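Fold and contact review
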Amino acid sequence: MAITSVLVANRGEIARRVISTCRRLGIGTVAVFSDADADAPHVREADAAVRLPGVSPAETYLRPELLIKAAAGAGADAIHPGYGFLSENAGFAEQVAGAGLTWIGPPAKAIATMGSKIESKRLMADAGVPVLAELDPDEITEDQLPVLVKASAGGGGRGMRVVRELDELGAALISARAEAASAFGEETVFCERFLATGRHIEVQVMADAHGAVWAVGERECSIQRRHQKVVEEAPSPLVERVDGMRERLFDAAVRAASAVGYQGAGTVEFLADERGEFFFLEMNTRLQVEHPVTELTTGTDLVALQIAVAEGAPLPAERPESRGHAIEVRLYAEDPAQEWQPQSGTLHTVELANTVQFGLSTQDSGIRLDSGVDNGSVVSVHYDPMLAKVIAWAPERTAAARSLAGALAAAKIHGVVTNRDLLVRVLRHPAFLAGDTDTAFFDRHGLDTLSEPLADAETESLAALAAALADAERNRAAARVNGRLPSGWRNVVSQPQVKVYDSASGTHEVRYLLGRSGVTVEGRDGVRLVESTMDSVALEAGGVLRRFEVRRYGALVCVDSPLGPVALTAVERFTDPSAVLAEGSLVAPMPGTVIRVAVAEGDEVTENQPLLWLEAMKMEHAVRAPADGVVAELGVSAGAQVELGAVLAVVTPTS
Amino acid sequence: MTQLKSTVDTGSDEFAANRDAMLGKLTEIEGEHAKAVAGGGEKYVTRHRDRGKLLARERVELLVDEDSPFLELSPLAGWGSDYKVGASMVTGIGVVEGVECVITASDPTVKGGSMNPWSVKKGFRAADIAAQNRLPSINLVESGGADLPTQKEIFIPGGRTFRDLTRSSAAKIPTVALVFGNSTAGGAYLPGMSDYVVMVKERAKVFLGGPPLVKMATGEESDDESLGGAEMHARTSGLADYLAVDEKDAIRLGRSIVKRLNWRKHGPAPELSYDEPMHDPEDLLGIVPPDLKTPFDPREVIARVVDGSDFDEFKPLYGNSLVTGWATVHGYPVGILANARGVLFSEESQKAAQFIQLANQTDTPLIFLHNTTGYMVGKDYEQGGIIKHGAMMINAVSNSTVPHISILMGASYGAGHYGMCGRAYDPRFLFAWPSAKSAVMGPQQLAGVLSIVARAAAQSRGQDYSEENDKAMRSMVENQIEAESLPMFLSGMLYDDGIIDPRDTRTVLGMSLSTIHNGPIKGADGFGVFRM
């Protein structure tokens, strides 16, 4: 039953990924989009697109009936669920099949079985797959600690708690149940031993309807933050090191898949210790985010195989061989230094030089890019903040790490704070290069150090100078008169030109004079201006010539150089007094929804007292009183949608 | 198109010596400029800053567009007088929101910004430039008013200031006053006569008579704020159109006013795709010899000033002590007259008269590059009609209505100064190089003439003529005339608009031409009767 057109019931990079393979195979594509995604790249790339009215996932991407209707309306005869959303929803898989459409995924029963962590673990144990013993939450003893509380229906770290002290267990169970209930509609939780320094190893499996089951290859995804994978690679450094581990691992994965009559692409996840002992964690009955590392090491298009299997075709006779090493990093719009706070805004530019988009081979550059965004994309608060995956392949692991770090460091990412600098620091870390990766990597090596910007204070200062000189060029080019006269020319010189930029680390005041003999900069001797345009400034400092690429978006000035990226905000020469905020004004730290207000106008408040709560990016943020005082103004009420920087309340301090 | 070739040997000893001499003079002038910039000196500057105020030049720098050029005018006004160099005032042409404006700022660190006779002259010159070139003006006011001991030189002529403001307004050239501090008595008419007035809260003080005078006149008790505070003028009298919260805010408001002037230049726009000169302007330092007796080829200057060094010479084989021809400077078409060997003969005079008429025929601005010792004297020349030929040139220059710009590169002596559009012939701008000298004649010639006349007088009276006294007299006269011919002296007298670094000539011409094109460019319909 040949598929002619696929509806991709997803968004972002995975939607583009599926569309890319379909296009190569000559299969038609249908995208779906929420109102927030109307201009998203996946919508533009598909042959047809169907609107899902609303913004929240519950209104849109999580509505099986709308998706099936969209497929029918746009003439799709198959549905690919991507990952997340409804990809592991057995009910949806059944409905798709019931509507006469082809489901590009495993049988609904396999999804359902593996969806229950408790049930699946029992089944795996029966099939001879090593599992961590399930512990009864009510009978945990001191020497079983630490334990991990997990939601049975969970995933993505939600509903998960680590308990190290027995008296914390009760509270952890309550909160894990509540979170599981709200996230998955199912409050069952269970406990198991917590391996604090384990390695996360998983095996990609692929099975057809004719009984063939492949263990395609393993991946290691040990470097995680808050149980979210950040760096993933194939093969696993641990598996490479321990003799015979791969055979045992593959055997266990094949048993797991076979035990549930699996078909299509799936991933069996294990937790391993340093000696190579491993335990079954769960099986993900879908294509994984990190599937590209397997594709690059095996040269296999897993999406194409998924489609072939869905069409009833048998897998090829030979399982693909693995060669070389691939590493993937997930580029998130988040600030690792601010407790991974998700970021939103307009991503003005995202540029990685010489990458292959969704390619199976990385060709000369060695870099593959699976990106859900384009220049100008708006990163909203509604969905996962992952922007793109960047994947490197090389014959050796260290070479892959080096080229990936290099590509990331040189990438132009403007408009939104990302974890890019952290990723580069991880990829260049001696422990990472030595293959010493485990789930506690950030704790062990210090998030403070790892999340430091690549650009140091000196780089920031040079970047501010470059920004000033580029802005000077921009001003000259935009001048209505005398545009080609020398910049800032004076017949009587009295003072330098002044430009001020704010950065995350402080304020830079650049005082410079351009003259016949180049530039003179206050407080900086021995700097030579070699060349400047509004986009690029070549400066020689300390006898070394470097080029700074400068891009400006409104007040935002992004300066990229081999010394590291710097984001600056140009400070206007003048401020309109009517635009100045009253003292004690509290502004929204990000766009979001006011969910609760605890005070009223006229209330006396104490320093740090929470006044109201804002929900953004699925997290609650308390807005607190900056000082003891009185609530002079309260401009919002519960339910209000607020923009970044909106004044929420004004607290007049009592002096 | 004719691209000028250069024969300057930048490696020669002569070039190096010329350059050293020029750099020496530039250093001297920089020193004098620094005096003007220092204003009233450290003590008063500190006091002013301690009051939270910006210096005059800081106000100007904030007012003009970032990274735009600013041409300060008459920076050495009052040089050699009893007053501080710069005459307690900053004037210049700056670009505000893309509009070229004449900016005037009193310097409150010099005697509270009070106006002395040189300040008044400097202000007049700025007002002339605004009127002739149709430039909006912005007045940054903080002045104690007239310097009372010299009121006789200020009060009566000074009334022109207010007349100029309203005439400018009537000519549809807007005037803006930003009041930072005192602007009282007569000074109150500065905002009073301006189209737009911004006053700084708690700083501006604008009234005809202060509390003591009011008390004496009517017995009324009052205070500064109720008589002339910014709040009062913004809310009650209506003299202030905008109330600024501080100095920076006043400048912000000033800029926003200019932005909304809907300003259009009346002259033709320049061609923007021009080439920079093929020869390095840096060489201009070594081209002019320190001794003006040695002539230099003005084409070497033109080659370093005009676009692409492209100069089409007119009548190259006739009257070749004067070079005439066409070029563009920063995209503006110009005709150039440049003295080549100092002396103007009948041929040169007639050539100039024709060339000036041609420029008027095609509405082309003219640039005069001075290095002349005057019209030729002597029997043959007088008999050849040098007076009437010189008169033709002066007639043409006087009645030409295309804009003129004069640059004094070297000598500008005698009637040659007139024929080449000297100060009295109202060039739109006149700038001097540090090497320039101007007087009725050279110091030695003048001393020699006096000596001959004195000797003849003694002879006719039958008296002995003391050679020793003659030598002393000649030396004294030579020194005096030399000193009074120097550019700093002439600049101090406001006989030029400033002394410029020769390397900046192209930039200064570019700015001047762009300024001039705010007004229409129109050649004369007729001239005086040319004596044939």
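Every chain is numbered on its own, with residues counted from 1 as its sequence reads. Throughout, the order in which chains and ligands are written sets their labels, letters from A for the former and numbers from 1 for the latter. With the structure being a predicted model, the display of local features is reserved for residues of pLDDT at least 70 and the display and counting of side-chain atom pairs for 80 or more, all residues being used for whole-chain, interface and lining totals. Side-chain figures throughout are based on the complete set of non-hydrogen atoms in the structure, without hydrogens or water.

As recorded in an unreviewed UniProt entry, chain B goes by the name Acetyl-CoA carboxylase carboxyltransferase component, listed as coming from Herbihabitans rhizosphaerae.

Under the annotation held in an unreviewed UniProt entry, chain A carries the name Propionyl-CoA carboxylase alpha chain and is attributed to Herbihabitans rhizosphaerae. UniProt positions are given in the numbering used here, feature names are shortened, and annotations may be inferred rather than shown by experiment. In UniProt, chain A has this text filed under Catalytic activity (unreviewed entry): "N(6)-biotinyl-L-lysyl-[protein] + hydrogencarbonate + ATP = N(6)-carboxybiotinyl-L-lysyl-[protein] + ADP + phosphate + H(+)".

Moving on to the overall build of chain A. For helices the rule is a DSSP run of H or I covering at least 4 residues; for strands it is a run of E covering at least 2, with both sets numbered from the N terminus onward. Assigned secondary structure in chain A consists of 17 helices and 40 strands. We take the radius of gyration over the C-alpha atoms and set the globule estimate at 2.2 Å times the residue count to the 0.38 power. The C-alpha radius of gyration computed for chain A amounts to 27 Å, which stays within 12% of the reference 26 Å derived for 655 residues, consistent with globular compactness. Expressed as lengths along the three principal axes of its C-alpha atoms, the size of chain A is roughly 90 × 65 × 55 Å. Counting every atom, chain A has about 26900 Å² of accessible surface; 49% of that belongs to carbon and sulfur. In this count, Lys and Arg are taken as positive residues and Asp and Glu as negative ones, while His and the chain termini are left out. A charged residue contributes its charge at one atom only: NZ of Lys, CZ of Arg, CG of Asp or CD of Glu. Within chain A, one finds 60 positive and 89 negative side-chain charges whose respective centroids are separated by 6 Å. Residue burial considers only the protein chains on display, and all accessible areas are found by Shrake-Rupley using a 1.4 Å probe.

Turning to a negative patch on the surface, a few remarks are in order. A surface patch of negative charge is lined by Glu142, Asp143, Glu165, Asp167 and Glu168 of chain A. Looking at the element boundaries, Asp167 of chain A is found in the loop between β8 (161-163) and α7 (169-184). Patch definition: residues with relative accessible area over 30% and no salt bridge; like charges joined within 9 Å; nonpolar side chains (Val, Leu, Ile, Met, Phe, Trp, Tyr) joined within 5 Å. By definition here, a salt bridge exists when the distance from a side-chain nitrogen of Lys or Arg to a carboxyl oxygen of Asp or Glu is within 4 Å.

Looking now at the interface of chain A and chain B. Listed per partner, the contact involves 29 residues of chain A and 43 residues of chain B. Take the accessible area each of two parts loses on contact, using a 1.4 Å probe, and add the two losses: that sum is the buried area. Between chain A and chain B the total buried area reaches about 3200 Å² when both faces are included, carbon and sulfur atoms providing 49% of it. Three residues, Arg484, Trp489 and Arg573 of chain A, lead the burial of chain A against chain B; their summed loss comes to 24% of the area buried on that side. Linking chain A to chain B there are eight salt bridges. In protein, a polar contact means a hydrogen-donor-capable atom and an acceptor-capable atom, both N or O and within 3.5 Å, with residues adjacent in sequence counting only if both atoms are side-chain atoms; elsewhere, any N or O pair within 3.5 Å suffices. Summed over the shared surface of chain A and chain B, the number is 24 residue pairs in polar contact (both at pLDDT 80 or more). Elements supplying a minimum of two residues to the side of chain A that touches chain B: α17 (457-478) and β25 (497-503) of chain A. We call two residues in contact when some of their heavy atoms are within 4.5 Å.

Glancing now at the nonpolar core. Residue and element names in this part refer to chain B. Buried residues of nine kinds, namely Ala, Val, Leu, Ile, Met, Phe, Trp, Tyr and Cys, make up a nonpolar core once their side-chain atoms join them within 4.5 Å. Note on classification: 1.4 Å probe, protein chains only; a residue is buried when its accessible area is under 20% of the maximum for its type, exposed when over 50%, partly exposed between these limits. Val301, Ile302, Ile336, Leu369, Ile407 and Trp433 are the most contacted members of the largest nonpolar core, which totals 50 residues. Residue-level mapping places this core at the junction of two domains, with at least three residues from each of domain 1 (1-37 + 275-436 + 499-532) and domain 2 (52-259). The contacts of Leu369, once residues within four sequence positions are left out, are Val301, Ile302, Ile336, Leu337, Ala338, Asn339, Ile407, Met409 and Met420. The domain boundaries here were taken from an automatic or database domain assignment.

The predicted model of chain B has a mean per-residue pLDDT of 95, with 100% of residues at 70 or higher. Both confidence scores are given for the complex: pTM 0.90, ipTM 0.95. The predictor attaches a confidence to each residue, called pLDDT, with possible values from 0 through 100.

Residues and elements named next belong to chain A. The buried fraction of strand β2 (residues 28-33) is high, at six of six residues. Strand pairing is assigned whenever DSSP identifies at least 2 bridges connecting the two strands. Two elements, strand β1 (residues 5-8) and β2, share four bridges in a ladder whose sense is parallel. Pairing of Val8 across the sheet is with Ala31, part of β2. By convention a crossover is right-handed if, when the strands point away from the viewer, the path from the first strand over the helix to the second runs clockwise. Traced from β1 through helix α1 (residues 12-25) to β2, the parallel crossover comes out right-handed. Pairing geometry for β2 and strand β3 (residues 48-51), over four bridges, is parallel. Following the sheet pairing, Ala31 is matched in β3 by Ala49.

Turning to the domain arrangement of chain A, a few remarks are in order. Domain boundaries assigned for chain A yield domain 1 (5-104), domain 2 (133-193), domain 3 (197-320), domain 4 (324-452), domain 5 (457-570) and domain 6 (577-653). For domain 2 of chain A versus domain 5 of chain A, the distance between C-alpha centres works out to 55 Å.

Okay, the sheet that holds strand β5 (residues 102-103) of chain A next. Residue and element names in this part refer to chain A. Read across the open sheet, the five strands follow the order β3-β2-β1-β4-β5; overall the sheet is parallel. Strands at the two margins of the open sheet, each flanked by one partner only, are β3 and β5. Here strand β4 (residues 78-80) runs beside β5; their pairing, made up of two bridges, is parallel. Looking across to β5, one finds that Ile79 is bridged to Trp103.

The next subject is a nonpolar patch on the surface. All names here are of chain A. A grouping of Leu581, Val587 and Val647 is seen on the molecular surface, where their side chains present a nonpolar patch of about 210 Å² in accessible area. Residue position: Val587 is located in strand β33 (residues 585-587). What makes Val587 partly exposed here is its relative accessible area of 32%.

Turning next to unusual backbone geometry. Pro146 of chain A follows Leu145 of chain A through a cis peptide bond whose omega is -5°. Following the sequence through the fold, Pro146 of chain A ends up in the loop between β6 (134-135) and β7 (147-151). Phi at Lys111 of chain B takes a positive value of approximately 45°, unusual for a residue other than glycine. With respect to the helices and strands, Lys111 of chain B occurs in the loop between β3 (99-106) and α4 (117-133). Residue Lys111 of chain B is classed as exposed on the basis of its relative accessible area of 61%. With a phi angle near 55°, Asn262 of chain B is a residue other than glycine that sits in the positive phi range. Relative to the helices and strands, Asn262 of chain B is located in the loop between α11 (247-259) and α12 (298-302). Owing to a relative accessible area of 55%, Asn262 of chain B belongs among the exposed residues under this scheme.

Before going further, it helps to examine the packing of aromatic side chains. Two rings belonging to Phe, Tyr or Trp (six-membered ring only in the last case) form a pair when the distance between their centres is within 6.5 Å. Interplanar angles under 30 degrees mark stacking, angles over 60 mark edge-to-face geometry, and anything in between is tilted. Within the structure shown, the criterion is met by 14 aromatic pairs over all chains. Taken together, a centroid distance of 5.7 Å and an interplanar angle of 35° make the contact between Phe314 of chain B and Phe355 of chain B tilted. In this pair, Phe314 of chain B sits in strand β8 (residues 312-314) while Phe355 of chain B sits in helix α13 (residues 346-361), placing the two residues 41 residues apart along the sequence. Both residues of the pair, Phe314 of chain B and Phe355 of chain B, belong to the buried class. Both rings, one in Tyr418 of chain B and one in Tyr425 of chain B, keep their centres 5.6 Å apart while their planes meet at 35°; by these two values the pair is tilted. Residue classification places Tyr418 of chain B among the partly exposed residues on the basis of a relative accessible area of 39%. Taken together, the ring pairs in this structure connect Tyr61, Phe85 and Tyr383 of chain A into an aromatic cluster. Working rule: Lys NZ or Arg CZ, within 6 Å of ring centre, within 35 degrees of ring normal, means a charge sits over the ring. The ring of Trp613 of chain A has Arg596 of chain A sitting right over it, with the charged end atom 4.5 Å from the ring centre.

The next thing to look at is the UniProt feature "domain: CoA carboxyltransferase C-terminal" (unreviewed entry) in chain B. Within the UniProt annotation, "domain: CoA carboxyltransferase C-terminal" (unreviewed entry) is assigned to residues 280-523 of chain B. Here residues 280-523 of chain B is 41% helix and 20% strand, with 33 Å between the C-alpha atoms at its ends.

Let's shift gears to the packing of helix α4 (residues 90-98) of chain A against helix α5 (residues 108-115) of chain A. Each pair of packed helices can be described by the angle between their axes along with the distance between the axes. Residue and element names in this part refer to chain A. A fitted line through C-alpha atoms serves as each axis, taken over the contacting stretch for helices, and the angle formed by two N-to-C directions is quoted from 0 to 180°. Taken N-terminus to C-terminus, the directions of α4 and α5 make an angle of 175°; their axes are 8 Å apart at the nearest point. Taken together, the axes of α4 and α5 are roughly antiparallel relative to one another. Residues Ala90, Ala93 and Glu94 of α4 touch α5, and the partners they reach there are Ala108, Ile111 and Ala112. Under the scheme applied here, ten amino acids are nonpolar (Ala, Val, Leu, Ile, Met, Phe, Trp, Tyr, Cys and Pro), four are charged (Asp, Glu, Lys and Arg), and all others, including Gly, are polar. Its residues placed into classes, the contact of α4 with α5 shows five nonpolar, no polar and one charged. Any angle that falls under 35 degrees is termed roughly parallel, while one over 145 is termed roughly antiparallel, one within 65 to 115 roughly perpendicular, and all others oblique.

Residues separated by three or four positions in an α-helix point in the same direction, a consequence of the helix having 3.6 residues per turn. Residues and elements named next belong to chain A. Under the 1.5 Å per step criterion, the end-to-end length of α1 is 21 Å for 14 residues, consistent within 8% with the ideal 20 Å. With ten of its 14 residues buried, α1 lies for the most part within the structure. After α1 finishes, the residue Gly26 shows a positive phi value of roughly 85°. One fewer than the residue count of a helix, multiplied by 1.5 Å, yields its expected span.

What follows is about the environment of Phe85 of chain A. Residues and elements named next belong to chain A. On the secondary structure map, Phe85 appears in the loop between β4 and α4. With a relative accessible area of 28%, Phe85 lands in the partly exposed category. Sequence-distant contacts of Phe85, defined by excluding residues within four places in its chain, comprise Asn10, Arg11, Pro57, Tyr61, Leu62 and Tyr383.

The subject of this paragraph is the pairing of strand β23 (residues 386-394) of chain A. All names here are of chain A. A large share of β23 lies buried, amounting to nine of its nine residues. Here strand β15 (residues 325-332) runs beside β23; their pairing, made up of eight bridges, is antiparallel. Counted as the bridge partner of Leu331 is Ala388 from β23.

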